[in-house]
Amino acid sequence: MKKSLLLAICVMAVVISCKPGTGQSEVGSASGDSTKVNTTVAGANADAGIDSLKTDTVSYDKEEDIFKLGLSAEYPVAGGDSVVKAVRAFINDFLGGAYDGPLADGKKMIKRNGEHMWGIFMERCGDADTEDANELFLYMTVGKVYETKSFVSFLASTSQYTGGLHGIGFDEGHTFSKVTGESFGYDMMKDTDTPAFKRLIKEGLRKYFSNEEEKKVLSDEELLEELVGFDGSIDELPLPDSEPYISEKGVTFIYQPYEISYYAAGKPEFTIPLDAVKPYLKAQAIELFLSK
């Protein structure tokens, strides 16, 4: 699940909000922290049907002076046993991996990870010039972005500012089979090192960097100038470090800040439509798509 991506985080200003629910319980303390569970209905889209993975939104928030921490996750509470267990384990791992109790208890899971991540966050803020900072923060969230009767995809996001010139944020998608609980990423793909697939990557980045409002499409030379984090051939672009995931329109790829371009470019992201990406999918992944 690339836990190393979380541990390598350096910093960005994005505020993460939780979805409102129909019911809520809250636990607070004198230390300024709180843990919440918001009951939500399942179904990220109409394709999910009666086999939807039902979730509660669990959250942990703590604030002391200019230091702010927020963890939030759409946490499975009902659905197929295999996928519920797999997604719960992934969320626990992404949010810090500090909780080793029964994962059915989302409130305890996020509270323990919140306490753990607060300690890590404060260590990262150790050298910050607090006189010049209005706010230092760490926000982490996991949310369901697409669901069908056969699979469900989540987006895990982290944003942090612990001092310096600016913050930074990371997004990574994960797709789970609702039958087996198996997670699909690059292992659902084949022939990604071929010239034909490299062209799909290039065209995805070209679309991201081109100005649609001005209807300006970048040439290969202009695109290469945008990719300051890469010094190779425009026809040999690397795949993103983070795993691809299945979204509503195809397979989505995300480069993290600085991975292939400059900071202001954000997180270059694009989706290769199913018709184009299908030749590069293994049989299991195609079956997931076709059983929507």
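To be clear, the structure that these remarks concern was listed above.
Notes on the structure in this doc start here. (Residues numbered from 1 in each chain as written. Predicted model: local features only at pLDDT ≥ 70, side-chain atom pairs only at ≥ 80, totals over all residues. Heavy atoms only, no water.)

## Digging into the overall build of the protein chain
The helix and strand tally for the protein chain stands at seven helices and 11 strands. Considering the protein chain as a whole, with its 292 residues, one finds that 48% of them fall into the buried category. In the protein chain, the share of contacts with a sequence separation of at least 24, taken over all contacts with a separation of at least 6, comes to 59%. (Helix = DSSP H or I, 4+ residues; strand = E, 2+ residues; numbered from the N terminus. Buried < 20%, exposed > 50% of the residue type's maximum accessible area, 1.4 Å probe, protein only. Contact = heavy atoms within 4.5 Å.)

## Description of unusual backbone geometry
Positive phi values are uncommon outside glycine, yet Asp191 reaches one of about 55°. Note that Asp191 resides in the loop between strand S8 (183-184) and helix H4 (195-209). Asp191 sits in the partly exposed class, given a relative accessible area of 44%. One non-glycine residue with positive phi stands out, namely Tyr258, at about 75°. Along the polypeptide, Tyr258 turns up in the loop between strand S10 (250-254) and strand S11 (269-273).

## Quick look at the sheet that holds strand S9 (residues 245-246)
Across the sheet, three strands lie side by side as S9-S10-S11; this open sheet has antiparallel pairing. Every interior strand has two partners, whereas the edge strands, S9 and S11, have only one. The sheet contact formed by S9 and S10 spans two bridges and is antiparallel. In the sheet register, Ile246 faces S10, and the bridge partner there is Val251. Together, S10 and S11 form the strand contacts of H4, whose direction differs from that of S11 by roughly 130°. (Pairing = 2+ DSSP bridges. Axes fitted to C-alpha atoms, helices over the stretch in contact; angles between N-to-C directions.)

## Quick notes on the environment of Leu223
Mapped onto the fold, Leu223 is located in helix H5 (residues 220-226). Sequence-wise, Leu223 and Ser210 are 13 residues apart; in three dimensions their C-alpha atoms are separated by 8.4 Å. If we ignore the near neighbours within four places in the chain, the residues touching Leu223 are Lys202, Leu205, Arg206, Phe209, Leu218 and Ile234.

## Examining helix H3 (residues 106-124)
Here H3 spans 26 Å end to end across 19 residues, near enough to the 27 Å set by a 1.5 Å rise per residue. Structurally, the start of H3 carries an N-cap: the backbone nitrogen of Lys107 is 3.3 Å from a side-chain oxygen of Asp105. (Expected span 1.5 Å × (residues − 1). Polar contact = N/O pair within 3.5 Å; in protein donor to acceptor, adjacent residues only side chain to side chain.)

## Comments concerning the pairing of strand S3 (residues 54-64)
For S3 and strand S4 (residues 67-78), the ladder comprises 11 bridges, and the chain directions are antiparallel. In the strand pairing of S4, Val58 is matched with Ala73. In this structure, the hairpin formed by S3 and S4 is closed by a connection of two residues, where Asp65 is found at a positive phi of approximately 55°.

## Overview of the nonpolar core
Counting 36 residues, the largest nonpolar core has Leu71, Ile91, Leu95, Met109, Leu136, Val142 and Phe176 as its most contacted members. Contributions of two or more residues to this core are made by S3, S4, helix H2 (81-94), H3, strand S5 (136-147) and strand S6 (151-161). Residue contributions to this core peak at seven residues, all from H2. With 30 residues, the next largest nonpolar core counts Tyr186, Leu205, Leu237 and Ile246 among its residues. (Core = buried A, V, L, I, M, F, W, Y, C linked by side-chain atoms within 4.5 Å.)

## Concerning the pattern of salt bridges
Taken as a whole, this structure holds 12 salt bridges when the rule is applied. For Lys267, the salt bridge identified is with Asp171, shortest N-O distance 3.1 Å. With Lys267 in the loop between S10 and S11 and Asp171 in strand S7 (residues 168-177), this residue pair connects regions lying 96 residues apart in the sequence. We classify Asp171 as buried; its relative accessible area is 13%. (Salt bridge = Lys/Arg side-chain N within 4 Å of Asp/Glu carboxyl O.)

## Examining the side chain of Arg88
Locating Arg88 in the fold gives a position in helix H2. Look at Arg88: it is buried, it has no salt bridge, and the nearest opposite charge is Asp81 at 6.7 Å. When sequence neighbours within four positions are dropped, the list of residues in contact with Arg88 reads Tyr75, Pro76, Val77, Leu103 and Ala104. (Lys, Arg positive; Asp, Glu negative; His and termini not counted.)

## Thoughts on the packing of aromatic side chains
Scanning the entire structure with this criterion turns up 14 aromatic pairs. Relative to Phe176, the ring of Phe90 has its centre 5.7 Å away and its plane inclined at 50°; by these criteria the two rings are tilted. Of this pair, Phe90 sits in helix H2 while Phe176 sits in strand S7, and the two are 86 residues apart along the sequence. Looking at Phe176, the relative accessible area reads 1%, which means it is buried. Arranged with centres 5.1 Å apart and planes meeting at 80°, the rings of Tyr208 and Phe209 form a pair that is edge-to-face. Among the aromatic side chains, those forming a connected cluster through ring pairs are Phe197, Phe253, Tyr255, Phe270 and Tyr280. (Phe/Tyr/Trp six-rings, centres within 6.5 Å; stacked < 30°, edge-to-face > 60°.)

Geometric descriptors of this kind do not, in isolation, establish any biological role.
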